[in-house]
Amino acid sequence: MEEHGREDSSGQRFADQDDRSSRGPARYARAALIAGSLVAVVCVALLVIIFLLDSFNATVYSVGGKDVRDATEEARAIRDSYSAARLGGFIFLIAGAVLAAAAAVLLYRGRNAPGRNHGPDDAEDVEFDDLAGP
C-alpha cells in the first residue's frame, strides 16, 4: 500500500514539473535554437555559393579583356545578377542568428529553474535487483 502512495506522489511531482516547464516562451527555446542555427548555416552556404558564382562570372567576362567594373550595361548586369539572392541571404542570416541568440539566452537563463535538472537528492535509488525483477 505504501508503494502505491509513493507512486502517486512521484507521479504528481512529475506532473508539476511538466506543468512548470510548459509555461512561457522558454518551452520553444530549444527548437528555436536549432531552427535559427540551421537557417544561419544554410544562409552562410548560400552566400559562399553566390560569392563563387560572382567570381566565376567576373573571371569569364574578363577573359576577353573586359573588366567587370566597367560602366557598361553588360558589366552592370553581371555585377547585379545575384544581388537579390545576396540581400535575402544576408537578411535571413541575421534573422537566424538573432533567433538562435535569443533562444540561447532563454535556455541559459532557465538552466537552473526548479524541476529542470534532477539532482542526486531528487533521483530514486534503483538497484540491480529492482531492475532484474523476481
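Look up: the structure comes first, before these words.
Residues numbered from 1 in each chain as written. Predicted model: local features only at pLDDT ≥ 70, side-chain atom pairs only at ≥ 80, totals over all residues. Heavy atoms only, no water.

Draft legend 1. Examining the overall build of the protein more closely. Assigned secondary structure in the protein consists of five helices and zero strands. Looking at the protein residue by residue over its 134 residues, the buried ones come to 14%. In the protein, 69% of the contacts between residues at least 6 apart in sequence involve partners at least 24 apart. By element, 63% of the accessible surface of the protein is carried by carbon and sulfur atoms, the whole surface being about 10400 Å². (Helix = DSSP H or I, 4+ residues; strand = E, 2+ residues; numbered from the N terminus. Buried < 20%, exposed > 50% of the residue type's maximum accessible area, 1.4 Å probe, protein only. Contact = heavy atoms within 4.5 Å. Areas by Shrake-Rupley, 256 points an atom, 1.4 Å probe, with all protein chains shown as cover.)

Draft legend 2. Inspection of helix α2 (residues 29–62) at higher detail. For α2, spanning 34 residues, the distance from its first C-alpha to its last is 49 Å, which sits close to the expected 50 Å at 1.5 Å a residue. Those residues of α2 lying buried are Ala29, Ala32, Gly36, Ala40, Cys43, Leu47, Ile50, Asp54, Ala58 and Tyr61. Considering only its buried residues, α2 is in contact with α3 (73–79) and α4 (83–109). (Expected span 1.5 Å × (residues − 1).)

Draft legend 3. Region of interest: a negative patch on the surface. On the surface, a cluster of negative charge is made up of Asp125, Glu127, Asp129 and Asp130. Note on Asp129: relative accessible area 58%, which makes it exposed. (Patch = residues over 30% accessible without salt bridge, like charges linked within 9 Å, V, L, I, M, F, W, Y side chains within 5 Å. Salt bridge = Lys/Arg side-chain N within 4 Å of Asp/Glu carboxyl O. Lys, Arg positive; Asp, Glu negative; His and termini not counted. Charge placed at Lys NZ, Arg CZ, Asp CG, Glu CD.)

Draft legend 4. Geometry of a nonpolar patch on the surface. On the surface, Val39, Leu87, Ile91 and Phe92 cluster together to form a nonpolar patch covering roughly 390 Å² of accessible area. For the nonpolar patch, the leading source of residues is α4, giving three residues. Along the chain, Leu87 falls in helix α4.

Draft legend 5. Expanded view of the side chain of Asp54. Within the secondary structure, Asp54 sits in helix α2. Classification of Asp54 as buried rests on a relative accessible area of 19%.

Draft legend 6. Examining the pattern of salt bridges more closely. Throughout the structure, instances matching the rule amount to three salt bridges. Residue Asp54 is joined to Arg86 by a salt bridge in which the shortest nitrogen-to-oxygen separation is 2.3 Å. Residue Asp54 is located in helix α2, and its partner Arg86 is located in helix α4; the two are separated by 32 residues in the primary sequence. Of the charged contacts, one joins Asp80 and Arg76 as a salt bridge, the two residues approaching to 3.3 Å between their closest N and O atoms. We classify Arg76 as partly exposed; its relative accessible area is 39%. Residues joined in a network through salt bridges with shared partners are Glu73, Arg76 and Asp80.

Draft legend 7. Just the environment of Ile78, in detail. Here Ile78 shows up in helix α3. Along the sequence, Ile78 and Val68 sit ten residues apart, while their C-alpha atoms lie 7.3 Å from each other. Apart from the residues lying within four places of it in its own chain, the contact partners of Ile78 are Asp54, Asn57, Tyr61 and Val68.

Draft legend 8. Seen up close, the environment of Ile34. As for its placement among the helices and strands, Ile34 is situated in helix α2. For Ile34, a relative accessible area of 56% gives the class exposed. Residues Ile34 and Leu99, 65 residues apart in the sequence, show an inter-C-alpha distance of 9.4 Å.

Draft legend 9. Seen up close, the environment of Ala103. By the element assignment, Ala103 lies in helix α4. Of the residues examined, Ala103 reaches a relative accessible area of 2% and is grouped as buried. Between the C-alpha atoms of Ala103 and Pro25, which are 78 residues apart in sequence, the distance is 9.1 Å. Contacts of Ala103, omitting those with residues within four sequence positions, involve Ala29, Ala32 and Leu33.

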